[in-house]
Protein chains: 2
Amino acid sequence: MAADSKDRMIRSAYQLFRERGYSGTGFREISAHSGVAKGAVYHHFPAGKADLAEQVIRLAGREVGDLMAAAADGVDPGTLVEGFAAGWAEHVRTHDFAAGCAIAAVVSESQHDAPQLARTAADEFGRWRAILAESLARQGVPSEHAASLATLAVAAVEGAVILARAERATQPLDDIARELRKSFEAAVHGARSAQSK
Amino acid sequence: MAADSKDRMIRSAYQLFRERGYSGTGFREISAHSGVAKGAVYHHFPAGKADLAEQVIRLAGREVGDLMAAAADGVDPGTLVEGFAAGWAEHVRTHDFAAGCAIAAVVSESQHDAPQLARTAADEFGRWRAILAESLARQGVPSEHAASLATLAVAAVEGAVILARAERATQPLDDIARELRKSFEAAVHGARSAQSK
DNA sequence: GTCTATACGAAGATAGAC
DNA sequence: GTCTATCTTCGTATAGAC
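So, here's what we can say about the structure.

Scoring rules and cut-offs
- Residues numbered from 1 in each chain as written.
- Chains lettered and ligands numbered in written order.
- Predicted model: local features only at pLDDT ≥ 70, side-chain atom pairs only at ≥ 80, totals over all residues.
- Heavy atoms only, no water.
- Phe/Tyr/Trp six-rings, centres within 6.5 Å; stacked < 30°, edge-to-face > 60°.
- Helix = DSSP H or I, 4+ residues; strand = E, 2+ residues; numbered from the N terminus.
- Buried < 20%, exposed > 50% of the residue type's maximum accessible area, 1.4 Å probe, protein only.
- 1 Å grid on protein atoms, 1.4 Å probe; cavity = no way out; pocket = protein on both sides within 12 Å on 5 of 7 lines; lining within 4 Å.
- Points joined across faces, edges and corners; volume = space filled by probe spheres on them.
- Nonpolar A, V, L, I, M, F, W, Y, C, P; charged D, E, K, R; others polar.
- Contact = heavy atoms within 4.5 Å.
- Buried area = accessible area lost by both parts, 1.4 Å probe.
- Salt bridge = Lys/Arg side-chain N within 4 Å of Asp/Glu carboxyl O.
- Polar contact = N/O pair within 3.5 Å; in protein donor to acceptor, adjacent residues only side chain to side chain.
- Least-squares fit on C-alpha atoms with pLDDT ≥ 70 in both.

What to know about the packing of aromatic side chains
Residue and element names in this part refer to chain A.
Right, so step 1: Across all of its chains, the model carries ten aromatic pairs over all chains by this definition.
Right, so step 2: Between the aromatic rings of Trp88 and Trp128, the centroid separation amounts to 6.4 Å while the plane-to-plane angle is 50°, which identifies the pairing as tilted. Remark: Trp128 occurs in helix H7 (residues 117–138) and Trp88 occurs in helix H5 (residues 77–94); sequence separation between them is 40 residues.
Right, so step 3: Accessibility expressed as a relative area gives 1% for Trp128, which makes it buried.

Remarks on empty space enclosed by the protein
Right, so step 1: Summed over all chains, the structure comprises one cavity of 30 Å³ or more.
Right, so step 2: Taken as a whole, the largest cavity encloses approximately 190 Å³ of empty space.
Right, so step 3: Looking at the lining of the largest cavity, the elements that each hand over two or more residues are helix H1 (2–20), helix H6 (102–110) and helix H8 (143–167) of chain A together with helix H1 (2–20), helix H6 (102–110) and helix H8 (143–167) of chain B.
Right, so step 4: Its residues assigned to classes, the lining of the largest cavity comprises twelve nonpolar, four polar and six charged.

A few points about the interface of chain B and chain A
It is common to report an interface's size as the accessible area lost on association of the parts.
Right, so step 1: Listed per partner, the contact involves 44 residues of chain B and 44 residues of chain A.
Right, so step 2: Between chain B and chain A lies a buried interface of about 3500 Å² when both sides are counted; carbon and sulfur atoms form 62% of it.
Right, so step 3: In terms of surface lost to chain A, no three residues of chain B exceed Gln111(B), Ile162(B) and Leu163(B), which account for 16% of the buried area on that side.
Right, so step 4: There are two salt bridges connecting chain B and chain A.
Right, so step 5: The salt bridge involving Arg129(B) is made with Glu167(A); its shortest N-O contact spans 1.7 Å.
Right, so step 6: The tally of links between chain B and chain A comes to 14 residue pairs in polar contact (both at pLDDT 80 or more).
Right, so step 7: With 16 residues, H8(B) is the single largest residue contributor to the side of chain B that touches chain A.
Right, so step 8: Its residues assigned to classes, the side of chain B that touches chain A comprises 20 nonpolar, eleven polar and 13 charged.

Digging into the relation of the copies chain B and chain A
Right, so step 1: The two copies are related by a screw operation: chain B maps onto chain A through 180° of rotation and 0.0 Å of translation along the axis, at an RMSD of 0.0 Å. One copy is carried onto the other by what is essentially a two-fold rotation axis.
Right, so step 2: Both copies share a contact surface, since 100% of the interface residues of chain B are interface residues in chain A too.

Examining unusual backbone geometry
Residues and elements named next belong to chain A.
Right, so step 1: Look at Phe97: it is not a glycine, yet its phi comes out positive at around 65°.
Right, so step 2: Its location among the elements puts Phe97 in the loop between H5 and H6.
Right, so step 3: Although it is not a glycine, Arg168 sits at a positive phi angle of roughly 55°.
Right, so step 4: Looking at the secondary structure, you find Arg168 in the loop between H8 and helix H9 (171–195).
Right, so step 5: Given the relative accessible area of 43%, Arg168 is considered partly exposed.

Quick notes on the environment of Thr120(B)
Residue and element names in this part refer to chain B.
Right, so step 1: Among the structural elements, Thr120 can be located in helix H7 (residues 117–138).
Right, so step 2: Separated by 111 residues in sequence, Thr120 and Met9 have C-alpha atoms that sit 19 Å apart.
Right, so step 3: In this structure, Thr120 is in contact with Glu54, Ile57 and Arg58, ignoring residues within four places of it in sequence.

Some thoughts on H6(B)
Right, so step 1: For H6(B), the tally of buried residues reaches nine of nine residues, placing the bulk of the element in the interior.
Right, so step 2: Where H6(B) is concerned, the buried positions are Ala102(B), Ile103(B), Ala104(B), Ala105(B), Val106(B), Val107(B), Ser108(B), Glu109(B) and Ser110(B).

Things to note about the environment of Arg58(B)
Residue and element names in this part refer to chain B.
Right, so step 1: With respect to the helices, strands and loops of the structure, Arg58 is situated in helix H4 (residues 49–72).
Right, so step 2: Arg58 has contacts with Thr120, Asp123 and Glu124, leaving out every residue within four places of it along the chain.
Right, so step 3: There is a polar contact of 2.7 Å between the side chain of Arg58 and the side chain of Glu124.

Structural notes on the pattern of salt bridges
Right, so step 1: Considering all chains together, one arrives at 30 salt bridges over all chains under this definition.
Right, so step 2: As a salt-bridge pair, Asp123(A) and Arg58(A) come within 2.9 Å of each other at their nearest N and O atoms. With Asp123(A) in helix H7 and Arg58(A) in helix H4 (residues 49–72), this residue pair connects regions lying 65 residues apart in the sequence.
Right, so step 3: Taking relative accessible area as the criterion, Asp123(A) reaches 44% and is therefore assigned partly exposed.
Right, so step 4: The closest approach of N and O atoms between Glu82(B) and Arg181(B), which form a salt bridge, is 2.7 Å. You can see Glu82(B) sitting in helix H5 (residues 77–94) and its partner Arg181(B) sitting in helix H9 (residues 171–195), a full 99 residues away along the chain.

In structure tokens:
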């Protein structure tokens, strides 16, 4: 099945990118990991590695974004952002601190060879930010402040994943989870006070 | 001169790692960029690429850490953290959004081949965090809270560099600079209030 | 649509001349 | 201490059989 082979390659690349990055992962490893022959790569991804990387970014963005979107219903912004960070802590810990964010890896390594991938990455990061910002806006936080807090949250989580890998400990993610919750709650509280004036 | 050649190679690797990452940078490019012959690599770095990467992490950590340490004298924590983010924004913008943090790149890519590099990276990140935390502690912020705010700041800046590269805009860094300044000022203000009770 | 085989260059690493 | 030359493995990419 074509779709099955293609999907298995994307999923293998996704996993390997998280562990070794974009340049550090070769087709040889992707082929071995997915069980799909090396030569089949260019059947599914005519433009080569950049083509595959784009689909990996989409998959990574969707996987996290869908979880966030599902969690966003019915919880307050502070709980949402804390869960966002906690989910990454869980991810990093279960992979023994040897896996990070595939999108971040591609952004940091592909700009020279395939600059167009930055747009796809920005698009997926944008969705994460929009989900957080909307959760804040629903509680009355002004949209500009909601947007910059959402950016802070996504940036802090991406950075804390790197710090956690370096330290081989989830503490950086645990710390920022608490701080982000506080910042989100303060913004909601501030919006409520302003409204009741 | 030996030290000169070695230093030039480290500086070239430093620059190339920021643009293309650790795996994406070969000795061929480092040699061409630094003007030092390829074969000389193993004279200066007997353990090879990991050896070189360790020195790159040290250089990157020192360069940023020294700037922060110099700035920390005589300014309040909010101004310090804002300057930290603004410095990175300047860096990313002057490199046309094609360069990020060398330490983050090495952490994200080297864990499989050279796991020991994570310790060096954690060490350098730790210094940045300590400078920020101490600035807060000097203003009376309890050390635990100072530490987690410092972690938030370093994580947010590292993540915002990635977001900025993806978007080809400094806005993520500008946004978190403002938010971090607010968080730092709120912590200092809170510490003052608690002390005057 | 998926495989084997292979092209060609670059990767990291080493040996030995100077 | 720095160079040239070279080894082996792996990189991306292609051609063509089935």
